[in-house]
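# Topology and contacts: notes
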Amino acid sequence: MTMTDSEFLQAIGLSHSYVVDRAARPVLHGVDLQVRAGEAVCVVGHSGTGKSTLLRCLAGLLRPTGGEVRLDGRRVMEPPPDLAVVFQDYSRSLMPWMSILDNVMLPLRRGLGSQERRSRAQQALADVGLDGTGSLYPWQVSGGMQQRVAIARALAYRPGVLLMDEPFASVDAQTRADLEDMVLTIRRDTGITLVVVTHDIDEAVYLADRVVVLAGTPASITADLRVDLPPERDQLTTKADPRFLAVRAEVFNMIRTELARAGRAT
Amino acid sequence: MSARLLRLGRHLLVEAWLPVLAVTVWWVGSASSTSLYFPPLSQIAERFRELWLFDQVPVHLVPSLQNLGWGLLCGVAAAVATGIVIGRMPRLHSALLPLMEFMRATPILALLPLVFGLLGLGVTSKVALIALGAFWPTFLNTVDGVRSVDPQIREVARAYRLTRTDIAFRVVLPSAMPQVVVGFRTSVSVAVVVVVGSEMFGAGNGIGYFVLQAQRTYAIADMWAGIVLLGLLGYLLNLLSAGFERWVLSWHRGQRAAAAVLGEGAR
Ligand SMILES: Nc1ncnc2c1ncn2[C@@H]1O[C@H](COP(=O)(O)OP(=O)(O)OP(=O)(O)O)[C@@H](O)[C@H]1O
Ligand SMILES: [Mg+2]
C-alpha cells in the first residue's frame, strides 16, 4: 500500500442533495472524514441531519452528488466486497420469505460451501444471543431480535469494514451492553474497521476511538473528538473513567450548541 | 383427531348446504319437465354417469386436460420469466405499457381464426392460444410484483453483492410471489375458457367439442352432462390453485397476521 494508514476509508468533500419536487434539497455539504484501518468511528447528530445518507454514500449504495468516497485508495462507485451494512430499518431489511438462518446465510452464497455457510451463520446467531431461533421466520420474533438477526447477517459475512446505522436502537439495556461488548471483542480479534451511527452519546464514546459530530443544514462534520481511552473497555469501569466522562461531556456540549444554533436559525 | 374430523364435518356442512339445496330444487322442479332445453336432472345425471364414468373420459376429457396443462405451463412459465426481466427495466416497461394493455384487452378468442389459420387446426394452435390467454394475467401481475420490491430489500441485495441468480430467485421472485399467484389464478380461469372455446371452433374431440356437438344433434341431456363436467372441473381447478397459493405463500399470511397483531409491524 502506498497511501498512509489514515486514508483507509475516506469521504472527501462529500456532498449530497436529494431531489424533492424537482428541487435539489442539500443534505450533506463538504463532509471530510478519514478512517484508519481498524479504527472505530462513531457518528452522532440529530435526527434528520444526514447520518444515514452519509453511511449510504460510504457503502457505495448512494452516488454522492459531489465529492467522493475512497476505500483503500480506490474510488467507491458500487458497494465494495468486504464491506457489510447493518441498516437502520432493520425489520424491512430482512427477507420475510426466508427463515432467520437462511437470511443470515444468503450473503454467503458467493464462494462458500453450504457446510461452511451454515456453521458461520449459526456461529453468528449464537454470538448475538439468538441460538436456536434459526428455523423461525423474522416476523415471528420481536423487533429487538430482528435487529440482532441483521447484525448476525453482517457478522457472518466477516467484512473488513462494517457500517452500522443505529444497530442497537431496539434492544433492551442489558442486551445492548452485551452487543456493545461483543462488537469490541470482534474488533480486538479481527481488526475490523467500524463506522457506527448512534443517537446514544454514551454508546458512541464507549465504542469509539473517535466520535464525529454531524450537524448543520446542509450538514458537515462540526467536531471530531479523539476518545483517549485504552482499547480494553468495561461497561462499569470505563463508563466511570474521568476521561470517558470528559469526552462524553464534550460531545454532549457540541450537540447542545448545535441544537441551540438550529433553534435560533428557525 | 376426532375433534378435527368434527370441525371438518361442520365445515363441509356449512359449505355444502346451499349446493345441496340447489340440486334438490333442480331435481324436483325438473322431474316432470318436457322442455327441450331443460330435461329432468335425473336424465342428465344418468347420461353423466354413462359418459363420464368413465367411458368418454379418454376421448374427450383427457385431450382437453392435456391442452390445458401444456398451455398453462408454457404461458405461465413465459409470463414469469419475461415479467421478471421487464419488471426490472422501468424504461422498457413504460415503453411497452400501452402495447401490453392493448394486447391484454383484446379478447383472446378473437384471435382464434387467425391462430388456426396460421398454425392449422391441430393441437399446436390450441396450446398456443391457451398459452397466450394464460400469459397476460400472470405476466402483468409479475411485472407489478417485481416493480414493488421494497427498496430497502434491494439495497440489502446490492450491499451484500448477491449474485444475479440469487437476486432473481431468492429476492425478486419470492417478493413478487403474492402478486404472481393472484395472476396465476386468473390465468387458470382464462385458460379453461380458451380450452373450451378453441374446441368449439375447430376440433374433433375435447369437452368443448362434445358440448357443441351434443347441442347440434339435440342430445340435450348429453350437452348438460358436458356442462356439469366443465363446472366440476373449474371448481376442482380453483380448489387446486387455492391450495397452491396457501402452500407457496404461507410466509406471507404469517407475516400479515404478525403485522396485524403488532399494529403497524415492528417499527
Ligand atoms: N430518498 C430521499 N429522498 C428525499 N429526501 C430524503 C431521502 N432520504 C432522506 N431524505 C432527507 O434527508 C435528510 C437526512 O436523512 P437521513 O436519513 O440521512 O437522516 P438521519 O440523520 O439518518 O436521521 P435519523 O437519525 O432520523 O435516522 C432528512 O431530512 C430526510 O428527510
Ligand atoms: Mg438515519
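Residues numbered from 1 in each chain as written. Chains lettered and ligands numbered in written order. Predicted model: local features only at pLDDT ≥ 70, side-chain atom pairs only at ≥ 80, totals over all residues. Heavy atoms only, no water.

An unreviewed UniProt entry annotates chain B as ABC transporter permease of Streptomyces mesophilus. Here is the UniProt Sequence similarities (unreviewed entry) comment for chain B, exactly as written: "Belongs to the binding-protein-dependent transport system permease family." Recorded under Subcellular location (unreviewed entry), the UniProt text for chain B is reproduced unchanged: "Cell membrane". (UniProt positions renumbered as here; feature names shortened; annotations may be inferred.)

Going by what an unreviewed UniProt entry lists, chain A is known as ABC transporter ATP-binding protein and is assigned to Streptomyces mesophilus.

Our focus in this paragraph is the site of ligand 1. All names here are of chain A. In the vicinity of ligand 1 lie 15 residues, with Ser 47, Lys 51, Ser 52, Thr 53 and Gln 88 positioned nearest. The separation between a nitrogen atom of ligand 1 and a polar side-chain atom of Tyr 18 is 3.5 Å. Contacts to ligand 1 include His 199, whose side-chain N or O atom sits 3.3 Å from an oxygen atom. Protein coverage of the free-state accessible area of ligand 1, which is 630 Å², stands at 66%. Among the elements of the structure, strand S1 (9-20), strand S2 (23-35) and helix H1 (51-58) are those that each provide at least two residues to the shell around ligand 1. The element contributing the most residues to the shell around ligand 1 is H1, with three residues. Across the shell around ligand 1, the residue classes tally to three nonpolar, nine polar and three charged. (Near = heavy atom within 4 Å. Polar contact = N/O pair within 3.5 Å; in protein donor to acceptor, adjacent residues only side chain to side chain. Areas by Shrake-Rupley, 256 points an atom, 1.4 Å probe, with all protein chains shown as cover. Helix = DSSP H or I, 4+ residues; strand = E, 2+ residues; numbered from the N terminus. Nonpolar A, V, L, I, M, F, W, Y, C, P; charged D, E, K, R; others polar.)

Residues and elements named next belong to chain B. Among the surface-exposed residues, Trp 17, Leu 18, Leu 21 and Val 25 lie close enough to one another that they form a single nonpolar patch of about 430 Å² accessible area. For Trp 17, the location among the structural elements is in helix H1 (residues 2-29). Here Trp 17 falls in the exposed class, since its relative accessible area comes to 52%. (Patch = residues over 30% accessible without salt bridge, like charges linked within 9 Å, V, L, I, M, F, W, Y side chains within 5 Å. Salt bridge = Lys/Arg side-chain N within 4 Å of Asp/Glu carboxyl O. Buried < 20%, exposed > 50% of the residue type's maximum accessible area, 1.4 Å probe, protein only.)

Okay, the sheet that holds strand S6 (residues 83-86) of chain A next. Residue and element names in this part refer to chain A. On the basis of which strands lie adjacent, the open sheet formed by six strands has the order S6-S7-S8-S3-S9-S10 and mixed pairing. Bordering the open sheet on either side are S6 and strand S10 (220-226), each of which pairs with just one other strand. Pairs of neighbouring strands in the sheet enclose a mean axial angle of 15 degrees, with direction left out of account. Sheet topology places strand S3 (residues 40-44) next to strand S9 (residues 210-215); four bridges connect them, and they run parallel. When the sheet's bridge partners are listed, Cys 42 is paired in S9 with Val 211. (Pairing = 2+ DSSP bridges. Axes fitted to C-alpha atoms, helices over the stretch in contact; angles between N-to-C directions.)

When two helices pack together, their arrangement is given by the angle between their axes and by how far apart the axes lie. Residues and elements named next belong to chain B. Close contact between helix H3 (residues 57-87) and helix H8 (residues 164-201) brings their axes to 8 Å; oriented N to C, the two are set at 145 degrees. H8 is crossed by H3, and the crossing has right-handed handedness. Contacts from Ser 64, Asn 67, Leu 68, Leu 72, Val 76, Val 80 and Ile 84 of H3 reach H8 at Ala 168, Leu 173, Val 180, Phe 184, Ser 187, Val 188, Ala 191, Val 192, Val 195 and Glu 199. Class assignment for the residues of the contact of H3 with H8 results in 13 nonpolar, three polar and one charged. (Left-handed = near helix turned anticlockwise from the far one by under 90°. Contact = heavy atoms within 4.5 Å.)

Attention now goes to empty space enclosed by the protein. Residue and element names in this part refer to chain A. Across all of its chains, the model carries three cavities of 30 Å³ or more by this definition. As for the largest cavity, its lining consists of Ser 52, Leu 55, Arg 56, Ala 59, Leu 61, Val 85, Val 86, Phe 87, Gln 88 and Asp 165. When residues of the lining of the largest cavity are traced back to their parent elements, those giving at least two are H1 and S6. Considered class by class, the residues forming the lining of the largest cavity number six nonpolar, two polar and two charged. (1 Å grid on protein atoms, 1.4 Å probe; cavity = no way out; pocket = protein on both sides within 12 Å on 5 of 7 lines; lining within 4 Å. Points joined across faces, edges and corners; volume = space filled by probe spheres on them.)

With that out of the way, let us pick up the nonpolar core. Side chains that are nonpolar tend, in soluble globular proteins, to be buried together. Counting 147 residues, the largest nonpolar core has Leu 9, Leu 58, Leu 162 and Leu 163 of chain A as its most contacted members. When residues in this core are grouped by element, the largest group, 15 residues, is from H8 of chain B. Two domains share this core, each providing at least three of its residues, namely domain 1 (7-82 + 168-265) and domain 2 (89-158) of chain A. When neighbours within four sequence positions are excluded, Leu 162 of chain A is seen to be in contact with Ala 84, Val 86, Ala 154, Leu 155, Ile 192, Thr 193, Leu 194 and Val 195 of chain A. Counting residues in hydrophobic clusters, the runner-up holds eight residues, among them Met 100, Trp 136, Phe 139 and Val 143 of chain B. (Core = buried A, V, L, I, M, F, W, Y, C linked by side-chain atoms within 4.5 Å. Domains from an automatic or database assignment.)

Attention now moves to the UniProt feature "transmembrane region" (unreviewed entry) in chain B. UniProt's entry tags residues 12-29, 68-87, 108-136, 188-212 and 224-244 of chain B with the feature "transmembrane region" (unreviewed entry), counted in the numbering of this structure. Annotation note: span residues 108-136 of chain B, helix share 76%, strand share 0%, distance between end C-alpha atoms 10 Å.

Next up on the list: the UniProt feature "domain: ABC transporter" (unreviewed entry) in chain A. Taking the numbering used here, the UniProt-annotated feature "domain: ABC transporter" (unreviewed entry) corresponds to residues 9-241 of chain A. Helix makes up 32% of residues 9-241 of chain A and strand 28%, with an end-to-end C-alpha separation of 30 Å.

Turning our eyes to something else, we now look at the interface of chain B and chain A. Contacts between chain B and chain A engage 23 residues on the former and 32 residues on the latter. Roughly 2,700 Å² is buried in total at the junction of chain B and chain A, and carbon and sulfur atoms are behind 58% of that figure. When the buried area of chain B at its contact with chain A is split by residue, Arg 158, Tyr 160 and Arg 161 of chain B rank highest and sum to 27% of it. Linking chain B with chain A are four salt bridges. Glu 155 of chain B is the partner of Arg 56 of chain A in a salt bridge, and the nearest nitrogen-oxygen pair spans 2.5 Å. The interface formed by chain B and chain A contains 10 residue pairs in polar contact (both at pLDDT 80 or more). Of all the secondary structure elements, the ones that give two or more residues to the side of chain B that touches chain A are helix H7 (151-159), H8 and helix H11 (250-261) of chain B. By residue number, the principal contributor to the side of chain B that touches chain A is H7 of chain B, which donates seven residues. Its residues placed into classes, the side of chain B that touches chain A shows 11 nonpolar, five polar and seven charged. (Buried area = accessible area lost by both parts, 1.4 Å probe.)

Let us look at the domain arrangement of chain A. Residue and element names in this part refer to chain A. Splitting chain A by domain gives domain 1 (7-82 + 168-265) and domain 2 (89-158). Inter-centroid distance (C-alpha atoms) of domain 1 to domain 2 is 25 Å. Buried surface at the junction of domain 1 and domain 2, summed over both partners, amounts to about 730 Å²; 67% is from carbon and sulfur atoms. By the criterion of area lost to domain 2, the three top residues of domain 1 are Ser 170, Leu 179 and Met 182, representing 46% of everything that side buries. Joining domain 1 to domain 2, the criterion identifies zero salt bridges. On the surface where domain 1 and domain 2 come into contact, there are three residue pairs in polar contact (both at pLDDT 80 or more). Its residues assigned to classes, the side of domain 1 that touches domain 2 shows six nonpolar, two polar and one charged.

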